[in-house]
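Chains, contacts and geometry: an overview
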Amino acid sequence: MQGKDLPPNSPKPHSAPHFEGHYVEGMEEWASHYCFNKRDDGKYEAELDEAWNEGSHNGGGTICVDIPPEWFGLSYDVFLERVITLAAATHYGFTVDDLKEKKGLKEFFGFNSYD
């Protein structure tokens, strides 16, 4: 499996109020990592690992969502507008501009670098 992390050592905190059916006052959650993977079967997925404090340890989990194959027929800009909606990325403050700034991502997804 190949992967592409986003963005390395981001200056943004990528945290948000903790939500459990309602927002928990004073409790934050954060994205530990956000990346895209190309699986051995050729399919792509968005992956985000989220965490929050649970006493003496962190709770959370990893969200993995397949990227619909038909999205790869869209323009790269429209593709990014859709991809950013997967795996709770916007909840943690990731933006289309963050994705556009990531060198090599366009080629990783198979888009022509001249599009």
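The residue count restarts for each chain, going from 1 along the sequence in the order it is written. Where local features are concerned, this predicted model is filtered to residues with pLDDT of at least 70; where side-chain atom pairs are given and counted, the filter is 80 or more; whole-chain, interface and lining totals use all residues. To obtain the side-chain values, all non-hydrogen atoms of the structure were included, while hydrogens and water were left out.

Attention now goes to the side chain of Asp 98. Only DSSP runs of H or I reaching four residues or more are called helices, and only runs of E reaching two or more are called strands; each is numbered from the N terminus. Position of Asp 98 among the secondary structure elements: in helix α2 (residues 96-101). Definition of a polar contact: a pair of N or O atoms within 3.5 Å, with one able to donate and the other able to accept a hydrogen when the atoms are protein atoms, and with sequence-neighbouring residues admitted only if both atoms are side-chain atoms. Polar side-chain contacts of Asp 98 include one of 3.0 Å to the backbone nitrogen of Thr 95. The contact partners of Asp 98, leaving out residues within four places of it in the chain, are Lys 12, His 14 and Gly 93. Two residues qualify as a contact provided that any one of their heavy atoms is within 4.5 Å of a heavy atom in the partner residue.

For the rest of this paragraph, the subject is the pairing of strand β2 (residues 15-19). Any two strands are treated as partners once DSSP identifies two or more bridges connecting them. In this structure, β2 lies alongside strand β3 (residues 23-38), joined through 4 bridges in antiparallel fashion. Within β3, the residue paired with Phe 19 across the bridge is Tyr 23.

The next subject is the nonpolar core. Counting 25 residues, the largest nonpolar core has Tyr 34, Phe 36, Ile 67, Phe 79, Phe 94, Leu 99 and Phe 109 as the members making the most contacts within it. Of all the secondary structure elements, the ones that give two or more residues to this core are β3, β4 (44-54), α1 (76-83), α2 and α3 (105-108). At 4 residues, the largest contribution of residues to this core is made by α1. For Phe 109, the residues in contact, after removing those within four places along its chain, are Phe 36, Tyr 44, Ile 67, Phe 72 and Phe 79. Residues belong to one nonpolar core when they are buried, are Ala, Val, Leu, Ile, Met, Phe, Trp, Tyr or Cys, and are joined through side-chain atoms within 4.5 Å. We call a residue buried when its accessible area falls under 20% of the maximum for its residue type, exposed when it is over 50%, and partly exposed in between, using a 1.4 Å probe and counting protein chains only.

Only one rule defines a salt bridge in this text: a Lys or Arg side-chain nitrogen within 4 Å of an Asp or Glu carboxyl oxygen. What the rule picks out here adds up to 4 salt bridges. The shortest N-O distance in the salt bridge between Asp 41 and Arg 39 comes to 3.5 Å. When its relative accessible area of 19% is taken as the criterion, Arg 39 is described as buried. Of the charged contacts in the structure, one is a salt bridge between Asp 77 and Lys 100, with a shortest N-O distance of 3.6 Å. Of this pair, Asp 77 sits in helix α1 while Lys 100 is found in helix α2, placing the two residues 23 residues apart along the sequence. For Lys 100, a relative accessible area of 44% translates into the label partly exposed.

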